[in-house]
Amino acid sequence: DYRGAMGLESAFDRELRGQAGARSILVNSAGYRHRQGEEVIAEAQPGLNLITTLDLDLQVAVEQSLSFVRGDERGAVVVMDPTNGDILAMASAPDFDPTEFIDGVSAQRWTNFFLAEPATPMINRATYGQYAPGSTFKIIDAIALLENGLDPDAPFTVEADPTTPGKGRYMLGRRAIRDTAPPGEYDLRRAFIRSSNSYFIDYGLRLGWERILAMGSAFGLGQRTGIRLNEEKAGDFPTPDQVRERGWTSGNLANVTIGQAITLTPLHLAV
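So, here is what we can say about the structure in this document. (Residues numbered from 1 in each chain as written. Predicted model: local features only at pLDDT ≥ 70, side-chain atom pairs only at ≥ 80, totals over all residues. Heavy atoms only, no water.)

**Focus on the side chain of Glu232**
Right, so step 1: In this fold, Glu232 is placed in the loop between α8 (209-218) and α9 (240-246).
Right, so step 2: There is a polar contact of 2.7 Å between the side chain of Glu232 and the backbone nitrogen of Thr225.
Right, so step 3: With near-sequence residues (within four places) excluded, Glu232 lies in contact with Thr127, Tyr128, Arg224, Thr225, Gly226, Ile227 and Leu267. (Helix = DSSP H or I, 4+ residues; strand = E, 2+ residues; numbered from the N terminus. Polar contact = N/O pair within 3.5 Å; in protein donor to acceptor, adjacent residues only side chain to side chain. Contact = heavy atoms within 4.5 Å.)

**Describing the packing of aromatic side chains**
Pairs of aromatic rings are described using the distance from one ring centre to the other and the angle between the two planes.
Right, so step 1: A complete count under the given rule lists 13 aromatic pairs for this structure.
Right, so step 2: Three or more aromatic residues link up through ring pairs in this structure, and these residues are Phe96, Phe101, Trp110, Phe113 and Phe114.
Right, so step 3: The ring of Phe113 has Arg109 lying over it, and the distance from NZ or CZ to the ring centre is 4.0 Å. (Phe/Tyr/Trp six-rings, centres within 6.5 Å; stacked < 30°, edge-to-face > 60°. Lys NZ or Arg CZ within 6 Å of the ring centre and 35° of its normal.)

**Quick word on the layout of surface pockets**
Gaps left between atoms are located by rolling a probe of water-molecule size over the structure's atoms.
Right, so step 1: Approximately 1,600 Å³ is the volume found for the largest pocket.
Right, so step 2: Every residue lining the largest pocket is counted, 47 residues in all, and those nearest its centre are Met6, Gly7, Leu8, Glu9 and Glu231.
Right, so step 3: Counting residues per element, the ones that place at least two in the lining of the largest pocket are α1 (7-11), α3 (56-66) and β4 (87-93).
Right, so step 4: The element contributing the most residues to the lining of the largest pocket is β4, with 5 residues. (1 Å grid on protein atoms, 1.4 Å probe; cavity = no way out; pocket = protein on both sides within 12 Å on 5 of 7 lines; lining within 4 Å. Points joined across faces, edges and corners; volume = space filled by probe spheres on them.)

**Some thoughts on the pattern of salt bridges**
Right, so step 1: Evaluated as defined, the whole model comprises 10 salt bridges.
Right, so step 2: In this structure, Arg17 engages Asp13 in a salt bridge whose closest nitrogen and oxygen atoms are separated by 3.2 Å. Of this pair, Arg17 and Asp13 both sit in helix α2 (residues 13-17), separated by 4 residues, roughly a single helical turn.
Right, so step 3: Taking relative accessible area as the criterion, Arg17 reaches 35% and is therefore assigned partly exposed.
Right, so step 4: According to the relative accessible area criterion, Asp13 is buried, its value standing at 17%.
Right, so step 5: Among the salt bridges present, the one from Arg244 reaches Asp241, with a minimum N-O distance of 2.4 Å. With Arg244 and Asp241 both in helix α9, this residue pair falls 3 residues apart, about one helical turn. (Salt bridge = Lys/Arg side-chain N within 4 Å of Asp/Glu carboxyl O. Buried < 20%, exposed > 50% of the residue type's maximum accessible area, 1.4 Å probe, protein only.)

So, in structure tokens, the structure goes:
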């Protein structure tokens with residue numbers, strides 16, 4: 001029999017499979033069947049239908065977009081309905097044709113394509129790939145700051161980076177952290193629009209580990225989202241205890257505030 005091995009076919013195998021029937025068949029020594037010797041022992045029960053929330057046109061568009069991935073490029077797309085969390089489209093690239101497995105895959109094909117780095121097409125990068133979120137994490141920073149009393153109009157000065165004209169920097173002790181935003185005066189709105197590393201590092205350090213991690217945890221970071229797929233990772237978003245166990249300092253917190261030193265899945269970011 002066939003069994004679901006990945007994705008929805010694996011997660012819902014029991015519901016989709018139904019129950020096999022059974023029939024007793026009487027044959028003679030030559031293998032001929034006797035019609036009068038047939039008896040149905042158990043009727044087959046069809047499996048349930050599985051209705052997804054996917055928008056077919058959107059799913060096709062997403063897969064077509066990712067079909068341009070070439071060479072060592074990789075990618076993933078997750079599209080959600082923000083009103084209820086429905087997954088409208090999800091795709092990962094490079095991908096593969098599951099019908100290849102019907103007749104079996106050769107050892108050479110398995111080694112040179114399905115297991116080959118960096119493509120590894122059998123990994124669903126949307127739910128299993130773990131990546132540094134980068135500046136998208138500043139959404140968490142901003143909400144944590146506002147929840148803890150930040151005046152969004154308070155001015156903050158980003159100093160110039162003497163090594164990179166037109167860009168700012170943040171000095172953490174002797175360590176210079178480059179800013180993609182230019183030097184000048186910022187409030188929360190401008191810092192968010194220009195994605196200022198200096199602004200969010202400075203205010204994030206004032207906020208501290210506990211509050212930053214609490215806000216990330218409230219958004220489900222470091223946990224599985226609950227989507228019913230076996231191929232899902234929780235990412236690496238530490239608890240306060242883990243921060244202490246790792247011996248992380250203010251330098252690590254500066255990294256976290258700009259989405260480094262932690263990992264999330266594309267699904268986490270969409271959520």
